[in-house]
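# Structure assessment
Here are the chains, one letter per residue:
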Amino acid sequence: MVDRPNKPQALATTPGLPPQAQVNITHDNSRVSAVLPSGECIEVLLHGATVTSWKDRAGNERLWLSEAAKLDGSKAVRGGIPLVFPVFGTAPDHEPTSKLPQHGFARNSRWDFLGKSTTESSGQTDASVKLDFGLSTATIDDEAKKLWPFSFSLIYSVTLTPDALRTGIVITNDGDQPFEFQTLLHTYFRIGDITKVKISGLEESAYIDKVDGAKEKQQTGDVTIAGEVDRVYHPASPETPVVVSESGEAKFSIVRDNLGDVVVWNPWVEKAQGMGDFEPKDGYRNMICVEAGAVKAWTKLEAGDAYEGGQIISV
Ligand code: TA6
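Residues numbered from 1 in each chain as written. Predicted model: local features only at pLDDT ≥ 70, side-chain atom pairs only at ≥ 80, totals over all residues. Heavy atoms only, no water.

## Focus: the pattern of salt bridges
Counted only if it meets this: Definition used for salt bridges: Asp or Glu carboxyl oxygen within 4 Å of a side-chain nitrogen of Lys or Arg. To sort residues, take the accessible area from a 1.4 Å probe on protein chains only and compare it with the maximum for the residue type: under 20% means buried, over 50% means exposed, and anything in between is partly exposed.
A full pass over the atoms with the stated rule returns 16 salt bridges. Between Glu246 and Lys251 there is a salt bridge whose closest N-O contact spans 4.0 Å. Classification of Glu246 by relative accessible area gives buried; the value is 10%. Owing to a relative accessible area of 31%, Lys251 belongs among the partly exposed residues under this scheme. One network of salt bridges, in which partners are shared, links Asp209, Asp212, Lys215 and Lys217.

Structural data, given as structure tokens:
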């Protein structure tokens, strides 16, 4: 082919505008994905505003998602970062939330995508993108409204940067009467071998051992996993990062904002066998839940007030 003289150069991207994060709504408007110029990416299912994927720039997945996780909105997602609100577990002795399903309705409701905001990236390494999701009395189903008749709104923000993922929730009491709630970010971290995992940052913390009759205990040294673990820690120093290491290498560091408790959970063999949506059955070897929350006590929100809490997961 004869090359034309003085052929114009291919148009570069808009001159002067540095590369920006890309945000797409896919899968019949059921998922929102975001990719940074440097390649890191997340996917959020509008069902439960559940972060279902968080990959590094090489495409390595950082969250654990069951191969049998329901992503069609038929039930809460088994994996990723399900959102727990307004109750953690079940609370038969707490009348206002006693009728709610385990972990409340937020993780099993369809959230609205409220929009995105990206920072100007001066280059490949400092871009970030924030995705906002909303749920309120106006958008939850009638069943949930009947079981928990309070006027509220939630805004859940998911912020991706090259070396961290931030998730935070703002809870507003839009009614004329106070309500009490618990909330938790139920993060399933992907790891290579659970027997090589150590969790630091919980030393000397009091915890409730749900695998041993909900006894109150005191943590000594790192947390290691050699069987089913289901513990609610109340760390003495809320600002100390909780670090998940594997074979001596730090993999995730979790800093909490206004979330005073940390739940550590691994179902191990039997409980994994017993969950229909937990696949593969030996997947317990490749996951550890380290969950920032406000669950040991009830947080009371007065009419018109707002609560904010979140986590920063650095890698
Ligand atoms: O976060 C730990 C926990 O409360 C465990 O007791 C276990 O029930 C886990 O949550 C998963 O709960 P789910 O309702 O998703 O099966």
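## Thoughts on the side chain of Asp209
The line we're drawing: Numbering goes from the N terminus for both helices and strands, where a helix is a DSSP run of H or I of at least four residues and a strand is a run of E of at least two. Any pair of N or O atoms that falls within 3.5 Å is considered a polar contact. Within protein, one atom must be able to donate a hydrogen and the other to accept it, and sequence-neighbouring residues count only if both atoms are side-chain atoms. For this analysis, residues touch if any pair of their heavy atoms sits within 4.5 Å.
The topology assignment puts Asp209 in strand 13 (residues 206-209). The exposure class of Asp209 is buried, given its relative accessible area of 8%. Of the polar contacts made by the side chain of Asp209, one reaches the backbone nitrogen of Val211; its length is 2.9 Å. Beyond its immediate stretch of four places on either side in the chain, Asp209 contacts Ala214, Lys215, Lys217, Asp230 and Arg231.

## Observations regarding the sheet that holds strand 7 (residues 129-136)
Quick reminder of the rule: Any two strands with at least two DSSP bridges between them are considered paired.
Pairing within the open sheet is antiparallel, and its 9 strands lie in the order 6-7-8-9-21-18-17-12-15. Edge positions in the sheet fall to strand 6 (112-118) and strand 15 (223-224), since each has one partner strand and no second. Strand direction decides the pairing type here: strand 18 (residues 249-257) and strand 21 (residues 306-314), joined by 5 bridges, are antiparallel. Each bridged residue has a counterpart across the sheet, and for Arg256 the counterpart in strand 21 is Gln311.

## Thoughts on the site of the ligand
How we decide: A molecule or strand has a residue near it when one of that residue's heavy atoms lies within 4 Å. All accessibility values rest on the Shrake-Rupley procedure with a 1.4 Å probe; residue burial counts only the protein chains present in the view. Ten residue types, Ala, Val, Leu, Ile, Met, Phe, Trp, Tyr, Cys and Pro, are classed as nonpolar, four, Asp, Glu, Lys and Arg, as charged, and the remainder, Gly among them, as polar.
All residues adjacent to the ligand are Arg78, Phe88, Gln102, His103, Arg107, His186, Lys210, Asp230, Val263, Trp265 and Glu291. Gln102 has a polar side-chain atom sitting 2.9 Å from an oxygen atom of the ligand. Contacts to the ligand include Asp230, whose side-chain N or O atom sits 2.6 Å from an oxygen atom. Its free accessible area being 390 Å², the ligand has 84% of it covered by the protein chains. Considered class by class, the residues forming the shell around the ligand number 3 nonpolar, 3 polar and 5 charged.

## Some thoughts on the side chain of Ser128
By secondary structure assignment, the location of Ser128 is in the loop between strand 6 and strand 7. The exposure class assigned to Ser128 is buried, which follows from its relative accessible area of 11%. Beyond its immediate chain neighbours, meaning those up to four positions away, Ser128 contacts Leu36, Ser117, Thr118, Thr119, Leu160 and Thr161.

## With respect to the sheet that holds strand 3 (residues 41-45)
Stated precisely, the cut-off is as follows: Inter-axis angles, ranging from 0 to 180 degrees, are taken between N-to-C directions of lines fitted to C-alpha atoms, where helices are fitted over the stretch in contact.
A sheet is described by the order of its strands in space; here 4 strands give the open sequence 1-2-3-4, paired in antiparallel fashion. Of all the strands in the sheet, the pair left with one neighbour each is strand 1 (22-26) and strand 4 (50-55). If you compare each strand with its neighbour and ignore which way they point, the axes differ by 15° on average. Of the strand pairs in this sheet, strand 1 and strand 2 (residues 31-35) are connected by 5 bridges, and their pairing is antiparallel. Bridge pairing links Ile25 to Val32 in strand 2.

## Looking at the nonpolar core
Our working rule: As used here, the term nonpolar core means buried Ala, Val, Leu, Ile, Met, Phe, Trp, Tyr and Cys residues forming a set that is joined through side-chain atoms within 4.5 Å.
Residues Phe133, Tyr156, Ile199, Val264 and Ile288 are the most contacted members of the largest nonpolar core, which totals 67 residues. The residues touching Ile199, leaving out its near neighbours within four places in the chain, are Asp222, Val223, Val242, Val243, Val244, Val264, Ile288 and Val290. Trp64, Tyr188, Trp265 and Ala272 belong to the second largest nonpolar core, which has 9 residues in total.

Note that all results are geometric; they support no functional claim without further evidence.
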